[in-house]
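Examination of the molecular architecture
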Amino acid sequence: MSSADLTSERDLPPEREASAKGDIAPGRDGPRDTGMDDASLHRWLARTWRTPAGIIGALSSVDHKVIARRYLITAFLFLCLGGLNAVAMRIQLSGPQRGLIGPDLYNQLFTMHGVTMMFLFAVPIVQATGIYLVPLMVGTRNIAFPRLNAFSYWVYVSGGLFAWVSFALSMAPDVGWFAYVPLSGPEYGPGKRADVWAQMITYTEVSSLAVAVATIVTVFKQRAPGMSLDKIPLYVWSLLVTSFVVVFAMPAVMITSTFLILDRLVGTHIFNPAEGGDALLFQHLFWFFGHPEVYIIFLPATGMVSAIIPAFARRPVFGHLGLVLSLIAVGFLSFGLWVHHMFATGLPKLGASVFTASSMMIAIPNGIQIFCWLATLWDGRPVIRTPLLFVLGFFFIFVIGGLTGVMLASVPLDLQVHDTYFVVAHFHYVLIGGAVFPLLGAAYFWFPKITGRMMSERLGRWHFWLALIGFNAAFFPMHIVGLWGMPRRVYTYPAELGWGNINLFISAGAVLFFLSFVLFAFNLVHSVLKGAPAGDNPWDAGTLEWATSSPPPSYNFARIPVVTNVEPLWAEREPLPVATGLRVDARELIISTVAEAHPDIREKSATPSIWPLLAAIAVGGTFLYSIFTPWAIVWGAAPIAVTLIGWFWPKGDPEDEE
Amino acid sequence: MNQRPAMDISGLPTFGHGPRSPTWWGTLGFMALEGTGFALAAGAHLYLATLWPNWRLSAPQPNHWPGTIVTLLLIVSLVPNHMLNRYAKECAIGPVRIGMVVMSLLGVAPLIVRWFEFPALNIYWDTNAYGSMLWVLLGLHTTHLITDVGDTIVLTVLMFTHHGYSGRRFGDVGDNVFYWDFVVLTWIPIYLLIYWLPRWG
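Here's a quick rundown of the structure. Every chain begins its residue count from 1, and numbering advances along the sequence as written. As a convention, the first chain written is A and the first ligand written is 1, with the rest following in written order. The predicted origin of the model limits local features to residues at a pLDDT of at least 70 and limits the giving and counting of side-chain atom pairs to 80 or more, whereas totals for whole chains, interfaces and linings rest on all residues. For side-chain calculations, the full set of non-hydrogen atoms in the structure is used, while hydrogens and water are omitted.

Once that is clear, we can look at the overall build of chain B. The helix and strand inventory of chain B stands at five helices and one strand. N-terminal to C-terminal, the α/β element order of chain B is β-α-α-α-α-α. The reference for a compact globule is 2.2 Å times residues^0.38; the radius of gyration itself is calculated from the C-alpha atoms. For 201 residues, the compact-globule estimate of 2.2 N^0.38 gives 17 Å, and chain B exceeds it by more than 25% at 21 Å. Dimensions of chain B, computed from C-alpha atoms along their principal axes, come out at roughly 75 × 45 × 25 Å. Each residue gets one of three labels from its accessible area relative to the maximum for its type: buried under 20%, exposed over 50%, partly exposed in between, using a 1.4 Å probe on protein chains only. Looking at the 201 residues of chain B, the share that counts as buried comes to 54%. Numbered from the N terminus, helices here are DSSP runs of H or I no shorter than four residues, and strands are runs of E no shorter than two.

Attention now moves to the overall build of chain A. A count of helices and strands for chain A gives 21 helices and four strands. Taking 658 residues into account, the globule formula puts the C-alpha radius of gyration at 26 Å, and chain A, at 26 Å, falls close to it. The C-alpha extent of chain A, read off along each of the three principal axes, is 85 × 60 × 50 Å. By the convention used here, residues are in contact when the closest approach between their heavy atoms is within 4.5 Å. For chain A, restricting intrachain contacts to residue pairs at least 6 apart in sequence, the fraction spanning at least 24 positions comes to 80%. With an accessible surface of roughly 23,400 Å², chain A has 70% of that area assigned to carbon and sulfur atoms. Between the mean site of the 40 positive side-chain charges and the mean site of the 42 negative ones, chain A shows a separation of 7 Å. In short, Shrake-Rupley with a 1.4 Å probe defines the accessible areas, and a residue's cover is counted only from the protein chains shown. In this count, Lys and Arg are taken as positive residues and Asp and Glu as negative ones, while His and the chain termini are left out. Charge placement uses NZ in Lys and CZ in Arg. For Asp and Glu, CG and CD serve respectively.

Right, let's talk about the pairing of strand 4 (residues 599–604) of chain A for a bit. Residues and elements named next belong to chain A. The element strand 4 is extensively covered by neighbouring structure, given that six of its six residues are classed as buried. One ladder, built from five bridges, connects strand 3 (residues 588–592) with strand 4; its direction is antiparallel. By the bridge assignment for strand 4, Ile591 is matched with Ile601. Where strand 3 hands over to strand 4, the hairpin turn is made up of six residues, of which Ala597 adopts a positive phi near 60°. A pair of strands is treated as paired once DSSP finds two or more bridges between them.

Here we take up the environment of Leu134 of chain B. Residue and element names in this part refer to chain B. If you trace the backbone, Leu134 turns up in helix 4 (residues 129–160). Separated by 79 residues in the primary sequence, Leu134 and Trp55 place their C-alpha atoms 12 Å from one another. When sequence neighbours within four positions are dropped, the list of residues in contact with Leu134 reads His45, Leu121, Ile123 and Ile194.

Further remarks concern the interface of chain B and chain A. Facing 59 residues of chain B, the contacting portion of chain A comprises 79 residues. Here the quantity called buried area is the accessible surface, traced with a 1.4 Å probe, that two parts lose on coming together, added over both. Of the roughly 6,100 Å² buried where chain B meets chain A, counting both sides, 65% is carbon and sulfur surface. Considering only the side of chain B, the residues that lose the most area to chain A are Met1, Met7 and Arg20 of chain B, jointly responsible for 13% of the buried surface there. Note on definitions: salt bridges are taken to be side-chain nitrogens of Lys or Arg within 4 Å of carboxyl oxygens of Asp or Glu. Seen at the junction of chain B and chain A, the total is two salt bridges. A salt bridge links Glu603 of chain A to Arg168 of chain B, with the nearest nitrogen and oxygen atoms 3.8 Å apart. Polar contact is the term for a pair of N or O atoms within 3.5 Å; when the atoms are in protein, one must be able to donate a hydrogen and the other to accept it, and sequence-neighboring residues count only if both atoms are side-chain atoms. Our count for the chain B to chain A interface comes out at 21 residue pairs in polar contact (both at pLDDT 80 or more). When residues of the side of chain B that touches chain A are traced back to their parent elements, those giving at least two are strand 1 (3–8), helix 1 (22–51), helix 4 and helix 5 (167–200) of chain B.

Another aspect to go through is the sheet that holds strand 1 (residues 560–561) of chain A. Pairing within the open sheet is mixed, and its three strands lie in the order 1(A)-2(A)-1(B). Since the sheet does not close on itself, it has two edges, and those belong to strand 1 of chain A together with strand 1 of chain B, each with one partner.

Next up on the list: the pattern of salt bridges. Pairing is possible between side chains that carry opposite charge, provided their charged atoms lie close to one another. All names here are of chain A. Enumeration over the complete set of coordinates arrives at 19 salt bridges over all chains. Between Asp195 and Arg264 there is a salt bridge whose closest N-O contact spans 2.8 Å. With Asp195 in helix 8 (residues 193–221) and Arg264 in helix 9 (residues 234–265), the pair connects residues that are 69 residues apart, well separated along the chain. Residue classification places Asp195 among the buried residues on the basis of a relative accessible area of 2%. In this structure, Arg385 and Glu457 form a salt bridge, with 3.4 Å as the shortest nitrogen-oxygen distance.

This part covers the environment of Ser507 of chain A. Residues and elements named next belong to chain A. Among the structural elements, Ser507 can be located in helix 18 (residues 500–530). Note: C-alpha distance between Ser507 and Leu497 (ten residues apart in sequence) is 17 Å. The residues contacting Ser507, other than those within four sequence positions of it, are Arg90, Leu93 and Ser94.

The values are spatial; any link to function lies outside them.
Rendered as structure tokens:
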């Protein structure tokens, strides 16, 4: 097949006429990979795509794998910090009237726990996994807008540092992860704590929005030739749908946090009922983001499950189309549920009924997914390895969380258990069961690709059982103590209520669960150093990330694969069909059409640059300064403008021309 | 893995305009998320408006004239904007340079009139929630106006350098045209909300 078959005359740009006049493009050409032997090809590509040496070089990297690795490690560190928050709270609650932690610190602890887990761990880690895997799975050489991707990482790190340095200075937010007004407003939230919450949100949202746009464009425009919509791997679909949910949900929380900081800083009255504002408006705006947020975390996890199951069931997934449609349906429905977080606010009955119905409806596409996975396992020849164990654990825990979710969707029950530990139990079952367990499975599954080494299977099994038992011991009794009436966010309780023993049991479970992560961390470090070599495709899986070496070279693929099947490596057992004709002296990659993935353009990907870091410093400094004075926006504009111009101004690389 | 060449893509062009280019899609993505921000801010305004029987909360009506002039300027600017788009597609450097200068001027002009819009609201942001929302809506759009005008001016300068004559830069001009359409389009509902809702509602 030649490009003439793929690109009709009418699609070609005026470049041809221009070249006839002897300008644009053709004069600037370089060596191509056509017919080049493997060794020379590797030399050329390695030189073109390498991240420069030295500290400045490392800070300038735009390689999606390098950025993703940093993201993954940072998010894992935040998970450990958030986990330590939880352990501290559980020790305080392990018995009645313990005096280890006072109410003020306790308020900061549960707020930091929620904020860290949601904004600094869960969303970044699912996006980071996508940053690593999506370009590999769609068969391209880098993510779209690689500098934007680097920028997003730096902004994310500054947001996380900002929150945790505030905590170290005892000025961390203490208003809960959703920071309702009036508690977080100017009247009841003196000091800078609520401002820290508001701006930390802004940092992390800027970062996730940037990643979402880069992911969408990577999936739409950079798929390997032949990867039409029906051949996109389910994991990539899940990241695509998630990115759309991010694009339409995250602006809501940015609007919320901006309104809040305006009310606090310059005296607007948006949430002030005394001057024509409304406190419930905050909840509407926050949950318009907050509910989709759950699915932003959960959808990529379902994508991981859809990647792991076929690899270990040894057959393509059952109901590929049904799974894709379920993902899209969940994405849409996730926007119709936010009011079920507000049943206790006295909304009109009709509104409450509508949101009850929609909350129950979302169980349908989720149920379809579960049945498709079970059918895949049923019909396959499952090989039980650690990744699959975590997927099985996910089924068990997530289904329980889903069932309590259906219970909570009904208003009378919700009113009864509102703000009790029943709700805490429910959302930990959904979030840890629905996202963390698949994520752990994914860690064991893709670790060999990222590091070139296998994780220890024996430690993995220990980790799984410890996590499963620890998790259920910690969170199942919370349903019961919640039904007994124990409220959330209390730093202690009197002995007469009789909640002491069950809380001691919960705390023991929490410690066990924490220890399972210690074991996991040990396994990670041990396997990086001493794990068995993995080879390209240790699980004999079918998607493109396994078609390259482990870890992949900077340029991902020596030649871009041509895709003929949804599991390309199962359909084309050696040799892999590839496309030729790209330049090797410039960072060329294939831009393809959205639906059919016909190759359309040979475009240049951005070269390493220090400017995204400088821009992130300018943006971060401005956000930080803005909690003290609104003039920060004015003073910060100049450095932001300078760094952005530095970022976009062409430097004369081949990548900048054409 | 062993490979076998199955497709030759050496004849493909090195740049494309509009939906063929990833940058166009990136711009569309940012429009989608910023548009969501606009919609939610407008929604918050309407939410508060339905909550209070007299939403202006006894404030005087805003003077719509500066806003109306901005609206007219923005609508007029669409004509040269789309001429510029055509020149960019034709990779005609001369007309593109002129078009970029014109668009920079047509970006600065509404920005100058915008300066007079804030006092014409006849209320401060800290008077009451109605005043807060007017300032927020106007401020949100002004931020977009400033960033796009800044971007246009930088690109104009770039087009006059030796970097200008390249397919990728012409693509950037096309995306700049696309984004300006967005800045103009988002203004229309905000204009109606700020100046005509208090008169009709």
